[in-house]
Amino acid sequence: MADMNLEPDDVRLMPIRLRRELLATGYDDAAILRAVRSGQWTRARRGAYVNAAPFASLDERSKHAVRARAAVKQAKTEVVVSHASEIALYPDPIPTWGLDLRNLHLTRRDGRSGRKEAGIQQHRGRLAEGDVVRIGDVDVTSPARALLEVTTMATLEVGIVLASCLLHRRLVTMEQLVQRYSGAMDRWPQTLTTDLVLRLADGRLESVAEGRVFHLCFAQSLPMPCPQYEVRDPSGRVVARLDFAWPDLGVWVEFDGRVKYQELLREGESVTDVVLREKQRQEMIEDLTGWRCIRLTWADLARPEWVAAKIRAAFSRSAAARWLLPSA
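All figures in this text were calculated on a predicted structure; none of them were measured in a lab.

1. Here's the deal with unusual backbone geometry
Alright, step 1. Even without glycine at this site, His-83 takes up a positive phi of about 50°.
Alright, step 2. Mapped onto the elements, His-83 comes out in helix 5 (residues 83-89).
Alright, step 3. For His-83, a relative accessible area of 5% puts it in the buried group.
Alright, step 4. Positive phi outside glycine occurs at Arg-170, with the angle close to 60°.
Alright, step 5. Its place among the elements puts Arg-170 in the loop between helix 7 (156-168) and helix 8 (174-181).

2. Quick notes on the sheet that holds strand 3 (residues 48-51)
Alright, step 1. Taken in spatial order, the three strands of this open sheet run 1-3-2, and their pairing is antiparallel. Strands at the two margins of the open sheet, each flanked by one partner only, are strand 1 (17-18) and strand 2 (41-45).
Alright, step 2. Across the sheet, helix 2 (residues 29-37) is in contact with strand 2 and strand 3; its angle to strand 2 comes to roughly 100°.
Alright, step 3. Together, strand 1, strand 2 and strand 3 form the strand contacts of helix 4 (residues 60-74), whose direction differs from that of strand 2 by roughly 75°.

3. Considerations on the environment of Ala-48
Alright, step 1. By the element assignment, Ala-48 lies in strand 3.
Alright, step 2. Sequence spacing of Ala-48 and Val-66 is 18 residues, and the spatial spacing of their C-alpha atoms is 10.0 Å.

4. Some words on the nonpolar core
Alright, step 1. Counting residues in each nonpolar core, the largest one holds 45 residues, and the members touching the most others are Val-81, Ile-87, Leu-89, Tyr-90, Ile-94 and Leu-166.
Alright, step 2. The greatest single-element share of this core, amounting to eight residues, is contributed by helix 7.
Alright, step 3. Within the second largest apolar cluster, 20 residues are counted, among which are Ala-209, Val-213, Phe-214 and Ile-311.

5. A short note on the pairing of strand 10 (residues 226-232)
Alright, step 1. As judged from the six bridges shared by strand 10 and strand 11 (residues 238-246), these two strands associate in the antiparallel manner. When the sheet's bridge partners are listed, Val-231 is paired in strand 11 with Ala-240.
Alright, step 2. In this structure, the hairpin formed by strand 10 and strand 11 is closed by a connection of five residues, where Gly-236 is found at a positive phi of approximately 95°.

6. Details of the environment of Arg-180
Alright, step 1. On the secondary structure map, Arg-180 appears in helix 8.
Alright, step 2. Between the C-alpha atom of Arg-180 and that of Leu-148, which follows or precedes it by 32 residues, the distance is 8.6 Å.
Alright, step 3. Once residues within four sequence positions are removed from consideration, Arg-180 is found in contact with Arg-126, Ala-128, Asp-131, Arg-145, Leu-148 and Met-185.
Alright, step 4. Here Asp-131 takes part through its side chain, which lies 2.7 Å from a polar atom of the side chain of Arg-180.

7. Points about the packing of helix 8 against helix 9 (residues 192-200)
Alright, step 1. Contact pair helix 8 / helix 9: the axes reach a minimum separation of 11 Å and the direction vectors enclose 155°. Comparing the axis directions of helix 8 and helix 9 gives the class roughly antiparallel. Relative to helix 9, the crossing made by helix 8 is left-handed. Of helix 9, the residues touching helix 8 (which contributes Met-174, Leu-177 and Tyr-181) are Thr-194, Asp-195 and Leu-198.
Alright, step 2. Within the contact of helix 8 with helix 9, the residues separate by chemical class into four nonpolar, one polar and one charged.

8. What to know about the packing of aromatic side chains
Alright, step 1. Counted under the stated rule, the structure contains six aromatic pairs.
Alright, step 2. Residues Tyr-229 and Trp-291 carry aromatic rings whose centres are separated by 5.5 Å and whose planes lie at 50° to one another, so their mutual orientation is tilted. With a gap of 62 residues between them, Tyr-229 in strand 10 and Trp-291 in the loop between helix 12 (271-289) and strand 13 (292-296) connect regions that are remote in the sequence.
Alright, step 3. Residue Trp-291 is classed as buried on the basis of its relative accessible area, which comes to 14%.
Alright, step 4. Between Phe-255 and Trp-298, the aromatic rings sit 6.3 Å apart at their centres with planes inclined by 85°, giving edge-to-face as the arrangement. Taken together, the positions of Phe-255 in strand 12 (residues 251-255) and Trp-298 in the loop between strand 13 and helix 13 (304-324) put the pair 43 residues apart, joining distant regions of the chain.
Alright, step 5. Assessed through its relative accessible area of 11%, Phe-255 is described here as buried.
Alright, step 6. Residue classification places Trp-298 among the partly exposed residues on the basis of a relative accessible area of 40%.
Alright, step 7. Through a chain of ring-to-ring contacts, the aromatic side chains of Tyr-27, Trp-41 and Tyr-49 assemble into a single cluster.
Alright, step 8. In this structure, Arg-212 is placed above the aromatic ring of Trp-298, and the distance from its NZ or CZ to the ring centre is 5.1 Å.
Alright, step 9. A cation over an aromatic ring shows up here: Arg-303 above the ring of Trp-306, its NZ or CZ 4.0 Å from the ring centre.

Cut-offs applied
- Residues numbered from 1 in each chain as written.
- Predicted model: local features only at pLDDT ≥ 70, side-chain atom pairs only at ≥ 80, totals over all residues.
- Heavy atoms only, no water.
- Helix = DSSP H or I, 4+ residues; strand = E, 2+ residues; numbered from the N terminus.
- Buried < 20%, exposed > 50% of the residue type's maximum accessible area, 1.4 Å probe, protein only.
- Pairing = 2+ DSSP bridges.
- Contact = heavy atoms within 4.5 Å.
- Axes fitted to C-alpha atoms, helices over the stretch in contact; angles between N-to-C directions.
- Core = buried A, V, L, I, M, F, W, Y, C linked by side-chain atoms within 4.5 Å.
- Polar contact = N/O pair within 3.5 Å; in protein donor to acceptor, adjacent residues only side chain to side chain.
- Parallel < 35°, antiparallel > 145°, perpendicular 65-115°, else oblique.
- Left-handed = near helix turned anticlockwise from the far one by under 90°.
- Nonpolar A, V, L, I, M, F, W, Y, C, P; charged D, E, K, R; others polar.
- Phe/Tyr/Trp six-rings, centres within 6.5 Å; stacked < 30°, edge-to-face > 60°.
- Lys NZ or Arg CZ within 6 Å of the ring centre and 35° of its normal.

Shown next as structure tokens:
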């Protein structure tokens, strides 16, 4: 299983000073206010202060992670970081796409009912053996439990994306997820989404975009495609790997995104060079398979019905073309 630890210099582990700690070391409220107004410190959350410049440079995911650490320090009972807040603490590149990071999520260790106040949602849940791991200086729920927690609050699409990413990065296995879910968590409320996530998540999906395409196919009642399909030349050598393919229907999908093209850039190349090389690759694949290619972008995913219609039309055209081919 992959390492969960953050690097010691990860900015999400920046020092946090609580008001009560500052008062104990000789500061008073006036001195704390001066440090904030001067731009030396800023409030990560009420009563918790961090160095202003590095905190201001963080994205929302990392700011959430710092606030979660502050909330643990301020808690009046023993808690662990859980749900979406734990995902914000995970080493990159685990995505927080689609997760609601407006509130911090903590789970009480004492099993008592939680409450929601001051931007914190405390949860009650029995923590079983193996449910708690350490990231940085705080305890968090394990990847398997955190994912199952998220599926009770997030959409199916978000659940598929996150579960597939955790499986792909080997932070969890499907066996661990099923074992943790069965017999206890399957009786939690709002687990219908969890059941579907466990059925549909696939560790072959390598990105948020691929997870969203996979969900789109399910939601639009399309045949489920084969992810990372390998194309071989006549000698049997693998010459390409497709994001998604329907081999029996003669159609394949490639997702085009800015990040993808940046990753494909070779030294001295421009994006135009990459696009031309991708066009040559597409022509090679079409020559080898005879299949039709559909290219999708991030913007296309906001129009799932249109994408589904486009894919169905490609199925029909591919079937028609094969029907018209002369028999041997």
